[in-house]
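Secondary and tertiary structure notes
The chain contents come next:
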Amino acid sequence: MNNIRNRIELQFAAFARTIYRHRLKTILLMMIAIGALLSRLPTIVIDTSTESFLHEQDPALLTYNDFRDQFGRDEVVIVALKPKQVFDVNFLKTLAGLHAELEENIPYLDDITSLINARNTRGEGDLLIVEDLLENWPETDDQLQAIKQRALSNPMYENMLISEDGAFTTIIIRTQSHSSMGQKNDIMEGFDDFDADIQAPAGAEKRYLTDEENTEVVQTVEKIIEKYRSDDLPIYLAGSPAVVHFLKEAMMSDMSKFMLLAILTVSLLLYIMFRRITGVVLPMLIVILSLLSTISLMAIFGVPIKIPTEILPSFILAVGVGSSVHILAIFFHRLRKTKNKEESIIFSIGHSGLAVMMTNLTTAAGLMSFANASVAPVAELGIFASAGVVLAFIYTIVLLPPLIAIIPLSNKKTEILRKNNRVMDNVLEKIGLFSTTHPKKILFVSFCIVAIAFAGIFSIRFSHYPLKWLPETSDIRAATEKIDKELNGSLSMEILFKTNRENGLYEPELLNRIETAGNEFVKISNQEFFIGKAWSVTTLLKEINQALNENDPAAYTIPQNKPLIAQEFLLFENSGSDDLEDFVDSQFSMARLTLKVPFVDGILFDPVEEEITAYLDKNFADVDFQITGLVALLAKTFNNTITSMAQSYLIALGVITLMMILLIGRIRIGLLSMIPNLVPIIIMLGVIGWFGFPMDLFTMMVASIAIGLAVDDTIHFMHNFRRYYEQSGDPKKAVFDTLHSTGRAMLVTTVVLSVGFFIYMFASMQNIIRFGFLTGFTILMALASDYFIAPALMVLVNKNRA
């Protein structure tokens, strides 16, 4: 095993010598290859939609897509207004103006509803009349009061178009479910009626409304309502499309701004450590090229950037800087002694090349365990983060020697670096002395800390609450919470009933059961979660029946006669209204029941869905039913995330353990080396539990970075400890030699990266603040583990053969 490792190290040294001497050819070839790869970078897209969390063939997503194909988009933009008096002629004129301007300017619009055009179903003799509520503008106070009475007495309007207390009114905006991209021909421009849910040609791939189109919709709405907003007329913008838009804006702003700050901070610290511009430029060049190449690979394979994959820049920053610094630290240390660039870079690649390769391959293999995750962006993160790790290694090994060859280096700065190294050496000397002198005490204290942290793990609270990622001062968060409170929700949960036979919905008994189910579900309440409203085709049928019975409120019921039901539906269709399409399919074989719910923590959806499913299993055994809609996808996403991440981390730890054993060459030492890897992760989980941080998607992502960095430091330590122990036979001396060589690079990378991640704590979004703190903290714990626990273990299990 030792001979194999020695031969590999010699091969790395020979490779470094070759590319050093063919520097210009190497750089030119790499520039051509990287340039070809980066040419696809402009085609990358961003997708922050909820459905993007599921794989294309996920049954839940397929059900949701079928629902959207049949009934259109369930997500709506809500514009809520709170005038001094809703039923005031002047305000209604303002509402009409806002409604008209929105209707005229919103792109991809499918439907817009407010008190201006709300469905008003009434009867006149034998006629069924379906008209807008304000079809006839009120001329007198009596007419205005009649409209007010009609609106407040309509159950469908309540908490949909007007709040229970009559203080709020809304404009509900529903967009097309399908994207218009590439579907409009030039000859059809100007014909807006052709825009609505255009059907793609047979065999063509269906594209749902894209992230860019959703952004365009929300920005248009925001721009228009701003003109009407005043102190006397507060206007609130909410709904999942608006939340997704502002969430994406805030995250992109925070991540880009603080990624830039992190890069600047890392660059500054690298300069302080190395006292050379080359010590900054070379690692950052590797990081930037690796990151851009990784994103280009995503573009080539048609994979968009999603919320979880936004940590890619941070991850590539950590891995890229770590690999470069480990080689550069050895290089500058050797250069100080030899004053020979070629010999120094060949030595550093030969010395650390195998360790760098193993750290990157181990990290990549661990990340690949996410590739089979049931949450699509987690699987994509595993695949492309692995690719980024491999690219970072290739760029480090192939580009560093020729770049160093063409860059002039000053001996004066080498002397300055010597002074910095003396300080670092003194610190490392004391750490080595303490860890080798008191190994049992270190392990006992470590065990106590781990035990306390482990106890905190049982207090971890799972959460998927994107709204709470936004700061409390966020307008969209405040508006959503306001609308959830005043109008009993801003999201919807959908239940599909399929009779699988034509005109199956004419059966009074089935319609009665659907009506009863809606009434029962409204009673459900679970902590912050509640069902604020339920409506279905039975709501429309009761309207029709009341209108055809002289508008008698007592007739607001479901007819108990099958032919009468069929006749009333036919009369409604003949009235000119197409609203029936929103509730049933054309064959009257399938119906939807819509439940209005608040935007709350996704973890609360699951028990409610279980309760609803149990009720449906009991009362609809003869009917196929499916629960779908945005809320169902949120619940599915979070459940998949927990399961996927747990399985993936177990696989990752198994793969990493195996590779550690292969690297070290001894099973017992390989297993023991996993202790310093696991300790920082357990401590991080303990901090999450004890401090009450929610275990959300971003928090789970921290562990992937933690595993990568913890493994990197441990492999470098174990690789060099093994070399020095074989040379001297003295475990204590091997620890000191390891700390004085690779220990420097470990310290530099830890200080640089931890500060770089702590910068994120100044972000505005709560999830990014926690991400920065936990990642920076875990990096520090990983170093402490490899500085104290790893040496203590090695001193205790390796005999002194000197």
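See above for the structure.
These lines cover the structure that appears in this document, whether it is placed above or below. Computed from a predicted model, the values in this text were never measured in an experiment. (Residues numbered from 1 in each chain as written. Predicted model: local features only at pLDDT ≥ 70, side-chain atom pairs only at ≥ 80, totals over all residues. Heavy atoms only, no water.)

1. Concerning the overall build of the protein chain
This is how it is decided: For the purposes of this entry, the term helix denotes a DSSP run of H or I that reaches at least four residues, the term strand denotes a run of E that reaches at least two, and both are numbered from the N terminus. Three labels apply to residues, based on accessible area from a 1.4 Å probe with only protein chains included: buried if under 20% of the type maximum, exposed if over 50%, partly exposed otherwise in between. Contacts are assigned to residue pairs that have any heavy atoms within 4.5 Å of one another. Values of accessible area rely on a 1.4 Å probe in the Shrake-Rupley scheme; residue burial ignores everything except the protein chains shown.
Helix and strand content of the protein chain: 25 helices and 14 strands. Here the protein chain holds 802 residues, and 60% of them are scored as buried. Pairs at least 24 apart in sequence give 80% of the contacts found in the protein chain among residues at least 6 apart. Counting every atom, the protein chain has about 32900 Å² of accessible surface; 58% of that belongs to carbon and sulfur.

2. A word on the pattern of salt bridges
We count it as follows: The rule for a salt bridge is simple: a side-chain nitrogen of Lys or Arg has to be within 4 Å of a carboxyl oxygen of Asp or Glu.
Enumeration according to the criterion identifies 27 salt bridges in this entry. For the salt bridge of Lys-482 with Glu-486, the shortest nitrogen-to-oxygen distance reads 3.9 Å. Here Lys-482 and its partner Glu-486 are both found in helix α15 (residues 475-486), 4 residues apart, which amounts to about one turn of the helix. With a closest N to O distance of 3.1 Å, Lys-562 and Glu-507 form a salt bridge. Note that Lys-562 is positioned in helix α18 (residues 562-574) and Glu-507 in the loop between β8 (491-498) and α16 (508-521), a separation of 55 residues in sequence. A residue is classified by how much of its surface remains accessible, and Lys-562, at 38% relative accessible area, is partly exposed. Classification of Glu-507 by relative accessible area gives partly exposed; the value is 26%.

3. Side note on the sheet that holds strand β2 (residues 109-113)
What counts here: Here the rule is simple: two strands pair whenever DSSP picks up at least two bridges between them. To define axes, lines are fitted to C-alpha atoms, for helices over the stretch in contact only, and angles between the resulting N-to-C directions are given on a 0 to 180 degree scale.
In spatial order, the strands read β2-β5-β1-β6; together these 4 strands make up an open sheet with antiparallel pairing. At either margin of the open sheet sits one strand with a lone partner, and together these are β2 and β6 (235-238). On average, adjacent strands in this sheet sit at an angle of 15 degrees to one another, irrespective of strand direction. With 4 bridges connecting them, strand β1 (residues 76-81) and β6 associate as antiparallel partners. Opposite Ile-78, over in β6, you have Ala-238 as the bridge partner. Running over the sheet, α15 touches β1 and β6 and is turned about 95 degrees from β6.

4. Quick word on empty space enclosed by the protein
To keep things clear, this is the line we draw: Using protein atoms alone on a 1 Å grid, points that fit a 1.4 Å probe yet trap it form a cavity, whereas open point sets bounded by protein on both sides within 12 Å along at least five of seven lines form a pocket; residues with an atom within 4 Å of a point count as lining. Grid points are joined across faces, edges and corners, and a volume is the space filled by probe spheres set on the points.
Going through the model one piece at a time under the given rule, you end up with 5 cavities of 30 Å³ or more. Within this model, the largest cavity holds a volume of roughly 180 Å³. As for the largest cavity, its lining consists of 17 residues, of which Thr-48, Thr-50, Val-244, Leu-247 and Pro-466 are closest to the centre. Of all elements in the fold, only α7 (240-274), α14 (466-469) and α20 (630-664) reach the threshold of two or more residues within the lining of the largest cavity. At 6 residues, the largest contribution of residues to the lining of the largest cavity is made by α7.

5. Some points on the packing of aromatic side chains
Where we set the bar: Stacked, tilted and edge-to-face pairs are distinguished by plane angle, under 30 degrees for stacked and over 60 for edge-to-face with tilted covering the rest, among Phe, Tyr and Trp rings (Trp via its six-membered ring) whose centres lie within 6.5 Å. Sitting over a ring, as applied to charges here, requires NZ of Lys or CZ of Arg to be within 6 Å of the ring centre and within 35 degrees of the ring normal.
Applying the stated criterion to the full structure yields 21 aromatic pairs. Between Phe-434 and Phe-788 the ring centres are 6.2 Å apart and the planes differ by 80 degrees, which places this aromatic pair in the edge-to-face class. Residue Phe-434 is located in helix α12 (residues 411-437), and its partner Phe-788 is located in helix α25 (residues 766-797); the two are separated by 354 residues in the primary sequence. Clustering of aromatic rings is evident, with ring pairs tying together Phe-691, Phe-693, Phe-773 and Phe-777. Sitting over the face of the ring of Tyr-208, Arg-68 holds its NZ or CZ atom 3.9 Å from the ring centroid. Between Arg-334 and the ring centre of Phe-347, over which it is positioned, the NZ or CZ distance is 4.1 Å.

6. Some points on unusual backbone geometry
Unusually for a residue other than glycine, Asn-159 sits at a positive phi of about 60 degrees. Of note, Asn-159 is situated in the loop between α5 (141-152) and β5 (169-175).

7. Let's talk about the environment of Glu-380
The topology assignment puts Glu-380 in helix α11 (residues 376-406). A sequence separation of 157 residues divides Glu-380 from Lys-223, and the C-alpha atoms of the two residues are 35 Å apart.

8. A short note on helix α17 (residues 537-547)
α17 sits mainly inside the fold: 11 of its 11 residues count as buried. Turning to α17, its buried residues are Val-537, Thr-538, Thr-539, Leu-540, Leu-541, Lys-542, Glu-543, Ile-544, Asn-545, Gln-546 and Ala-547. Residues of α17 that are buried sit in contact with β3 (119-124), β4 (127-132), α16, β11 (533-536), α18 and β12 (590-597).

9. Quick notes on the side chain of Thr-170
Inspection of the secondary structure assignment puts Thr-170 in strand β5. Of the residues examined, Thr-170 reaches a relative accessible area of 1% and is grouped as buried. When sequence neighbours within four positions are dropped, the list of residues in contact with Thr-170 reads Ile-78, Val-79, Ala-80, Thr-113, Ser-114, Leu-115, Met-160, Leu-161 and Leu-487.

10. Side note on the packing of helix α24 (residues 731-758) against α25
The condition that has to hold: Each angle receives one of four descriptions, namely roughly parallel if under 35 degrees, roughly antiparallel if over 145, roughly perpendicular if within 65 to 115, and oblique otherwise. Throughout this entry, Asp, Glu, Lys and Arg are counted as charged residues, while Ala, Val, Leu, Ile, Met, Phe, Trp, Tyr, Cys and Pro are counted as nonpolar. The remaining residues, Gly among them, count as polar.
The contact between α24 and α25 brings their axes to 9 Å, and the two run at 175 degrees. As the angle between them shows, α24 and α25 are arranged roughly antiparallel. In terms of residue class, the contact of α24 with α25 is built from 18 nonpolar, 6 polar and 2 charged.

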